[in-house]
Amino acid sequence: MNKRLKLGVLGSGKGSNFKAIMERIIDGKLPAEVRLVISDVPDAGILSYARDFQVPALFVNPGKFGTGLETEVEQDIVRLLQEAGVELVVLAGFMRVLKEPLLKAFPKSIINIHPSLLPKYKGLEAWKQVLEAGEKVTGCTVHYLEAAVYAGNILGQSKSEIMPDDTPAYLHACVQNTEQDPFPYM
Ligand code: GRF
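For clarity, every value in this text was computed on a predicted model and none was experimentally measured.

## Quick notes on the environment of Leu102
Part 1: Within the element layout of this structure, Leu102 appears in helix 4 (residues 100–105).
Part 2: In the structure, Leu102 is positioned 30 residues away from Glu72 in sequence and 11 Å away in space, judged by C-alpha atoms.
Part 3: Among all residues touching Leu102, those that are not within four sequence positions of it are Glu74, Ile77, Val78, Leu81 and Ile110.

Next comes the structure, spelled out in C-alpha coordinates:
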(Lines give C-alpha, C1' and ligand atoms only; values in the text may rest on other atoms or scores of the structure.)
Protein backbone atom coordinates (compact mmCIF):
# COMPACT_ATOMS: atom_id res chain seq x y z
CA MET A 1 0.00 0.00 0.00
CA ASN A 2 1.23 3.49 -0.83
CA LYS A 3 0.92 5.25 2.52
CA ARG A 4 1.54 8.97 2.54
CA LEU A 5 2.61 10.53 5.83
CA LYS A 6 0.33 13.40 6.79
CA LEU A 7 2.44 16.43 7.70
CA GLY A 8 1.71 19.68 9.48
CA VAL A 9 4.36 22.36 8.91
CA LEU A 10 4.97 25.25 11.31
CA GLY A 11 7.15 28.15 10.21
CA SER A 12 7.80 31.82 10.89
CA GLY A 13 9.98 32.81 7.95
CA LYS A 14 10.65 32.63 4.24
CA GLY A 15 9.45 29.06 3.89
CA SER A 16 12.26 27.75 1.73
CA ASN A 17 12.32 24.48 3.65
CA PHE A 18 8.56 24.09 3.24
CA LYS A 19 8.97 24.79 -0.50
CA ALA A 20 11.66 22.09 -0.69
CA ILE A 21 9.36 19.61 1.06
CA MET A 22 6.56 20.38 -1.41
CA GLU A 23 8.91 20.00 -4.38
CA ARG A 24 10.01 16.56 -3.14
CA ILE A 25 6.38 15.52 -2.69
CA ILE A 26 5.45 16.73 -6.18
CA ASP A 27 8.53 14.97 -7.64
CA GLY A 28 7.32 11.75 -6.04
CA LYS A 29 10.46 11.50 -3.89
CA LEU A 30 8.71 12.00 -0.55
CA PRO A 31 5.65 9.84 0.19
CA ALA A 32 3.86 12.50 2.21
CA GLU A 33 1.24 15.19 1.99
CA VAL A 34 1.10 18.51 3.82
CA ARG A 35 -2.30 18.80 5.45
CA LEU A 36 -1.79 22.22 7.06
CA VAL A 37 0.74 25.05 7.33
CA ILE A 38 0.64 27.31 10.39
CA SER A 39 2.60 30.50 10.94
CA ASP A 40 2.85 32.88 13.88
CA VAL A 41 3.81 35.70 11.46
CA PRO A 42 0.94 37.10 9.37
CA ASP A 43 3.00 37.99 6.30
CA ALA A 44 5.50 35.11 6.46
CA GLY A 45 6.76 33.79 3.13
CA ILE A 46 5.76 30.27 4.17
CA LEU A 47 2.08 31.30 4.02
CA SER A 48 2.50 32.66 0.47
CA TYR A 49 4.22 29.45 -0.62
CA ALA A 50 1.41 27.44 0.95
CA ARG A 51 -1.14 29.42 -1.07
CA ASP A 52 0.94 28.86 -4.23
CA PHE A 53 0.95 25.11 -3.57
CA GLN A 54 -2.75 25.21 -2.62
CA VAL A 55 -2.06 23.82 0.83
CA PRO A 56 -4.36 24.97 3.65
CA ALA A 57 -2.53 27.66 5.62
CA LEU A 58 -3.34 29.68 8.69
CA PHE A 59 -1.86 32.55 10.64
CA VAL A 60 -2.24 31.94 14.36
CA ASN A 61 -1.72 34.93 16.63
CA PRO A 62 0.95 33.77 19.10
CA GLY A 63 -0.22 35.97 21.97
CA LYS A 64 1.84 38.15 24.23
CA PHE A 65 5.00 36.03 24.70
CA GLY A 66 8.12 36.89 22.74
CA THR A 67 9.59 33.40 22.47
CA GLY A 68 6.77 31.00 23.32
CA LEU A 69 3.06 30.64 22.70
CA GLU A 70 0.23 31.27 25.14
CA THR A 71 -1.11 27.93 26.39
CA GLU A 72 -4.53 28.52 24.80
CA VAL A 73 -2.86 29.33 21.49
CA GLU A 74 -0.81 26.15 21.65
CA GLN A 75 -3.99 24.19 22.44
CA ASP A 76 -5.64 25.76 19.40
CA ILE A 77 -2.72 24.72 17.23
CA VAL A 78 -3.01 21.15 18.56
CA ARG A 79 -6.71 21.12 17.70
CA LEU A 80 -6.11 22.48 14.20
CA LEU A 81 -3.38 19.93 13.50
CA GLN A 82 -5.48 17.06 14.85
CA GLU A 83 -8.53 18.14 12.87
CA ALA A 84 -6.35 18.15 9.76
CA GLY A 85 -5.29 14.56 10.52
CA VAL A 86 -1.62 15.46 10.95
CA GLU A 87 0.67 12.55 11.96
CA LEU A 88 4.03 14.34 11.98
CA VAL A 89 4.67 18.01 12.78
CA VAL A 90 7.64 19.60 11.00
CA LEU A 91 9.14 22.74 12.50
CA ALA A 92 10.57 24.48 9.45
CA GLY A 93 11.92 27.68 10.91
CA PHE A 94 9.27 28.06 13.62
CA MET A 95 10.74 30.65 15.96
CA ARG A 96 8.77 29.76 19.11
CA VAL A 97 9.59 27.33 21.89
CA LEU A 98 6.91 24.63 22.15
CA LYS A 99 5.58 23.42 25.47
CA GLU A 100 3.36 20.66 26.82
CA PRO A 101 0.21 20.93 24.74
CA LEU A 102 2.00 20.18 21.48
CA LEU A 103 4.63 17.86 22.93
CA LYS A 104 1.96 15.77 24.68
CA ALA A 105 -0.38 15.68 21.70
CA PHE A 106 2.39 14.62 19.27
CA PRO A 107 4.83 12.47 21.27
CA LYS A 108 7.90 11.54 19.18
CA SER A 109 6.07 13.09 16.26
CA ILE A 110 7.55 16.58 16.07
CA ILE A 111 10.78 17.18 14.17
CA ASN A 112 12.89 20.31 13.91
CA ILE A 113 15.42 21.54 11.37
CA HIS A 114 18.34 23.33 13.05
CA PRO A 115 21.15 25.11 11.18
CA SER A 116 24.14 23.60 13.01
CA LEU A 117 25.67 20.24 13.77
CA LEU A 118 24.00 19.66 17.14
CA PRO A 119 24.87 19.38 19.98
CA LYS A 120 27.10 22.31 19.00
CA TYR A 121 25.69 25.79 18.49
CA LYS A 122 22.16 25.66 19.83
CA GLY A 123 20.05 28.78 19.77
CA LEU A 124 19.44 31.57 17.31
CA GLU A 125 21.58 32.38 14.26
CA ALA A 126 23.81 29.37 14.79
CA TRP A 127 25.77 30.13 11.60
CA LYS A 128 27.02 33.37 13.20
CA GLN A 129 28.11 31.52 16.35
CA VAL A 130 29.94 29.00 14.17
CA LEU A 131 31.83 31.74 12.29
CA GLU A 132 32.73 33.56 15.50
CA ALA A 133 34.12 30.30 16.92
CA GLY A 134 36.34 29.85 13.85
CA GLU A 135 34.91 26.45 12.87
CA LYS A 136 35.92 24.87 9.57
CA VAL A 137 32.79 22.78 9.13
CA THR A 138 29.14 23.25 10.03
CA GLY A 139 25.86 21.92 8.69
CA CYS A 140 22.33 21.13 9.72
CA THR A 141 20.55 18.71 11.99
CA VAL A 142 17.08 17.21 11.82
CA HIS A 143 16.01 16.01 15.25
CA TYR A 144 12.99 14.97 17.25
CA LEU A 145 11.69 17.60 19.62
CA GLU A 146 11.67 16.82 23.33
CA ALA A 147 10.72 18.95 26.34
CA ALA A 148 14.29 20.20 26.69
CA VAL A 149 15.06 22.26 23.61
CA TYR A 150 17.49 20.54 21.17
CA ALA A 151 17.62 17.40 23.32
CA GLY A 152 15.70 14.99 21.09
CA ASN A 153 17.20 12.13 19.11
CA ILE A 154 19.01 13.14 15.95
CA LEU A 155 17.52 11.76 12.74
CA GLY A 156 20.19 13.06 10.40
CA GLN A 157 22.92 15.61 9.85
CA SER A 158 24.52 17.07 6.76
CA LYS A 159 27.82 18.93 6.59
CA SER A 160 28.87 22.13 4.86
CA GLU A 161 32.48 23.31 4.64
CA ILE A 162 33.31 26.83 5.77
CA MET A 163 35.66 28.95 3.65
CA PRO A 164 37.86 31.66 5.25
CA ASP A 165 36.00 34.57 3.65
CA ASP A 166 32.46 33.27 4.20
CA THR A 167 30.08 35.96 5.45
CA PRO A 168 27.25 35.07 7.83
CA ALA A 169 24.69 35.51 5.05
CA TYR A 170 26.65 33.30 2.64
CA LEU A 171 27.21 30.59 5.23
CA HIS A 172 23.52 30.65 6.16
CA ALA A 173 22.65 30.12 2.49
CA CYS A 174 25.13 27.19 2.28
CA VAL A 175 23.64 25.61 5.39
CA GLN A 176 20.15 26.05 3.98
CA ASN A 177 21.28 24.19 0.86
CA THR A 178 22.29 21.24 3.04
CA GLU A 179 18.89 21.41 4.78
CA GLN A 180 17.13 21.10 1.45
CA ASP A 181 19.34 18.56 -0.27
CA PRO A 182 17.25 15.39 -0.61
CA PHE A 183 20.16 12.97 -0.34
CA PRO A 184 22.56 13.62 2.56
CA TYR A 185 20.34 12.12 5.24
CA MET A 186 20.10 8.74 3.54
C1 GRF B 1 16.15 27.33 8.44
O2 GRF B 1 17.39 27.72 7.98
C3 GRF B 1 16.23 26.43 9.64
O4 GRF B 1 17.49 25.92 9.87
C5 GRF B 1 15.89 27.32 10.80
O6 GRF B 1 15.07 28.32 10.26
C7 GRF B 1 15.33 28.51 8.89
C8 GRF B 1 14.03 28.61 8.17
O9 GRF B 1 14.16 29.06 6.86
N10 GRF B 1 15.31 26.55 11.86
P11 GRF B 1 12.95 29.00 5.87
O12 GRF B 1 11.82 29.80 6.47
O13 GRF B 1 12.56 27.57 5.66
O14 GRF B 1 13.44 29.62 4.61
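After that view of the structure, there is still more to cover.
## Remarks on the state of the cysteines
Part 1: Per the stated rule, a full pass over the model turns up zero disulfides.
Part 2: You can see Cys140 has no disulfide; the closest cysteine sulfur is in Cys174, sitting 12 Å from it.
Part 3: For Cys174, a relative accessible area of 15% puts it in the buried group.

## Looking at the site of the ligand
Part 1: Around the ligand, a shell composed of Gly13, Lys14, Gly15, Ser16, Asn17, Gly93, Ile113, His114, Pro115, His172, Gln176 and Glu179 is seen.
Part 2: One of the backbone N or O atoms of Ile113 is found 2.8 Å from a nitrogen atom in the ligand.
Part 3: Between Gln176 and the ligand, the recorded distance is 2.8 Å, taken from a side-chain N or O atom to an oxygen atom.
Part 4: Coverage of the ligand by the protein chains reaches 89% of its 370 Å² of free accessible surface.
Part 5: Put simply, the parts of the chain that give the shell around the ligand at least two residues each are helix 1 (16–27), strand 5 (110–114) and helix 6 (168–180).
Part 6: Its residues assigned to classes, the shell around the ligand shows two nonpolar, eight polar and two charged.

Criteria and thresholds
Residues numbered from 1 in each chain as written. Predicted model: local features only at pLDDT ≥ 70, side-chain atom pairs only at ≥ 80, totals over all residues. Heavy atoms only, no water. Helix = DSSP H or I, 4+ residues; strand = E, 2+ residues; numbered from the N terminus. Contact = heavy atoms within 4.5 Å. Disulfide = S-S within 2.5 Å. Buried < 20%, exposed > 50% of the residue type's maximum accessible area, 1.4 Å probe, protein only. Near = heavy atom within 4 Å. Polar contact = N/O pair within 3.5 Å; in protein donor to acceptor, adjacent residues only side chain to side chain. Areas by Shrake-Rupley, 256 points an atom, 1.4 Å probe, with all protein chains shown as cover. Nonpolar A, V, L, I, M, F, W, Y, C, P; charged D, E, K, R; others polar.

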